[in-house]
Amino acid sequence: MRIEYSYLKKFLVSHESQNKLSAIFTDLGFECEVDGNCIDFDLTPNRGDAFSLKGLARDYWAFKNQDLYKKSFSSKNNLTFKRDLKVIKEIETSACKNYHLLLLDDVVLKESLPKNIKSLLESAGIPLIHPLVDLGNFVMLEQGTPLHVFDRETLSLPISVGFSVNKESLEVLGNEVKEITKDTLTIRDQSGAIAIAGIIGGADTAVSNSTKSIAIEAAFFSPESLMNKARQYGLSTDASTRFERGVDPSIQAFALERYLDLLEEMEPIYFGGDMISEVTYEDAKWNDLPYKFEAGTPNIVGAIALGTAIDFINDIGINNITSHSKDLTQYFLKEAKKVSKIKIIGEPKERISIVSFIIKGVHPHDLALLLDGRGVAVRAGHHCAQPAMRHFDVDS
């Protein structure tokens, strides 16, 4: 396991040089050496607990007599998992002690991970595949338990975990076809095997650039159930290496919480729609998942409509439209002043053809619906106008 020194140093809250840190882990019983900007840990089969940043930190902090371990691993997400036979049908408990599946809809994420996480994964020899998959691999490297991310829309739920009943084939990631034997533990949906448990997923359920909804698997597969299986199929993966040595069977739920934490921390790459929860003059707050990543779908209909609108304006003439709009605005202002319940918002010295107003005791959305039914188009809402609403002390 190769870990980038700069990341490891920061993770451990350490001030030791690369050579000194390598020497400390050697004294702790790890066979490791400096390799460029990384420290290469050659972990023995009995130290599966150390196959992560968290595992290394446990030994290091114990050596330094620092009480940092428990403080450093907490989540702001507190997930509650429930048994749902429509999602998970059967589990072969002799081989799979626990199985968690987190379903997330409308996650249109097209920005890659932060540079430091990408660098850490690449230095560890873990290829970058897709941000949603890479995020799972980072959690594996940090916490020690592998995660697998399925494209939810390709799954025929419910899922089962068990040994193959009949001999079957599965096209795995990398487009290799594997003939699965009856003694192989598999993840299955209603169509058949979709993954070789603890080793590799199938190509048909893999995340792609068109993925919008995902199912994230966190499980504990016993080392005995996977013994020699990776070798049998010629598939030595980061997941199989960890499961064969044994992972902590109690951290799967936390790993999914950690995944959510990291997903929420990521910056959106596209803007618009319902991705913003609040706007001020200085800043904007992202909405909760999955709405935070909602923006990004090209507004094809809007582009076509804009072209038609421009043609319409050119036919009438922009000067004619401007003159007519001013006349309508002045007429509205004159007539509105005759109605006591109408309150005009703002009194600019130079007004363009826009008037903001409220009617006391009537919600703007109700008024907009009523006017629309009478052929009068107005815009009601508060999102983009939140700073102005605060200034004029109006609710909506």
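Enquirer: Honestly, the pairing of strand β13 (residues 214-221) in this entry has me stumped. Any pointers?
Expert: The two faces of a sheet get side chains in turn, since along a regular strand they alternate between them. Burial runs high along β13: 8 of the 8 residues are buried. By the alternation rule, side chains of β13 split into Ile214, Ile216, Ala218 and Phe220 and Ala215, Glu217, Ala219 and Phe221, which are all buried. When strand β5 (residues 96-104) meets β13, the two strands line up antiparallel, connected through 8 bridges. Looking at the pairing, Cys96 lines up with Phe221 of β13.

Enquirer: When you look at the pattern of salt bridges in this model, what are you seeing that I'm missing?
Expert: Side-chain pairs of opposite charge can arise whenever the charged atoms involved come near each other. The final tally for this structure, using the stated rule, is 12 salt bridges. One salt bridge connects Asp59 with Arg47, and the closest N-O pair in it is separated by 3.2 Å. Highlighted residues: Asp59 in helix α3 (residues 53-64) and Arg47 in the loop between β3 (38-42) and α3, separated in sequence by 12 residues. In this structure Asp59 comes out as buried when scored by relative accessible area, which is 16%. A salt bridge links Glu176 to Lys178, with the shortest nitrogen-to-oxygen separation between them at 3.0 Å. Look at Glu176 and you get partly exposed, because its relative accessible area is 41%.

Enquirer: Explanation requested: the environment of Pro249 in the structure shown.
Expert: For Pro249, the position within the fold is in the loop between α8 (238-245) and α9 (252-265). C-alpha separation for the pair Pro249 and Phe221, spaced 28 residues apart in sequence, amounts to 8.5 Å. Excluding residues that lie within four positions of it along the chain, Pro249 makes contacts with Asn98 and Phe220.

Enquirer: Would you mind going over α3 with me for this structure?
Expert: Every α-helix carries 3.6 residues per turn, so stepping three or four residues along brings you back to the same face. Helix length check: α3 (12 residues) gives 16 Å between terminal C-alpha atoms against 16 Å at 1.5 Å per residue, within 8%. Residues of α3 that are buried: Leu53, Lys54, Gly55, Leu56, Ala57, Asp59, Tyr60 and Trp61. On its buried face, α3 is in contact with β1 (2-4), α1 (5-12), α2 (18-27), β3, α4 (115-123) and α5 (131-143). Positive phi appears at Asn65, one or two residues downstream of α3, with a value of about 60°.

Enquirer: I keep staring at the packing of aromatic side chains and nothing clicks. Help me out?
Expert: Pairs of aromatic rings are described using the distance from one ring centre to the other and the angle between the two planes. With the rule as written, the count across this model stands at 7 aromatic pairs. Look at Phe25 and Phe41: their rings are 5.2 Å apart centre to centre, the planes differ by 90°, and that puts the pair in the edge-to-face class. Linking Phe25 in helix α2 with Phe41 in strand β3, this pair joins segments that are 16 residues apart in sequence. For Phe41, a relative accessible area of 1% corresponds to the buried category. Ring plane angle 50° and centroid distance 5.2 Å describe the contact between Phe332 and Phe357, whose orientation is recorded as tilted. In this pair, Phe332 is assigned in helix α11 (residues 318-336) and Phe357 in strand β17 (residues 356-359), connecting sequence segments 25 residues apart. Phe332 gets classed as partly exposed once you look at its relative accessible area, which sits at 28%.

About the cut-offs
- Residues numbered from 1 in each chain as written.
- Predicted model: local features only at pLDDT ≥ 70, side-chain atom pairs only at ≥ 80, totals over all residues.
- Heavy atoms only, no water.
- Buried < 20%, exposed > 50% of the residue type's maximum accessible area, 1.4 Å probe, protein only.
- Helix = DSSP H or I, 4+ residues; strand = E, 2+ residues; numbered from the N terminus.
- Pairing = 2+ DSSP bridges.
- Salt bridge = Lys/Arg side-chain N within 4 Å of Asp/Glu carboxyl O.
- Contact = heavy atoms within 4.5 Å.
- Expected span 1.5 Å × (residues − 1).
- Phe/Tyr/Trp six-rings, centres within 6.5 Å; stacked < 30°, edge-to-face > 60°.

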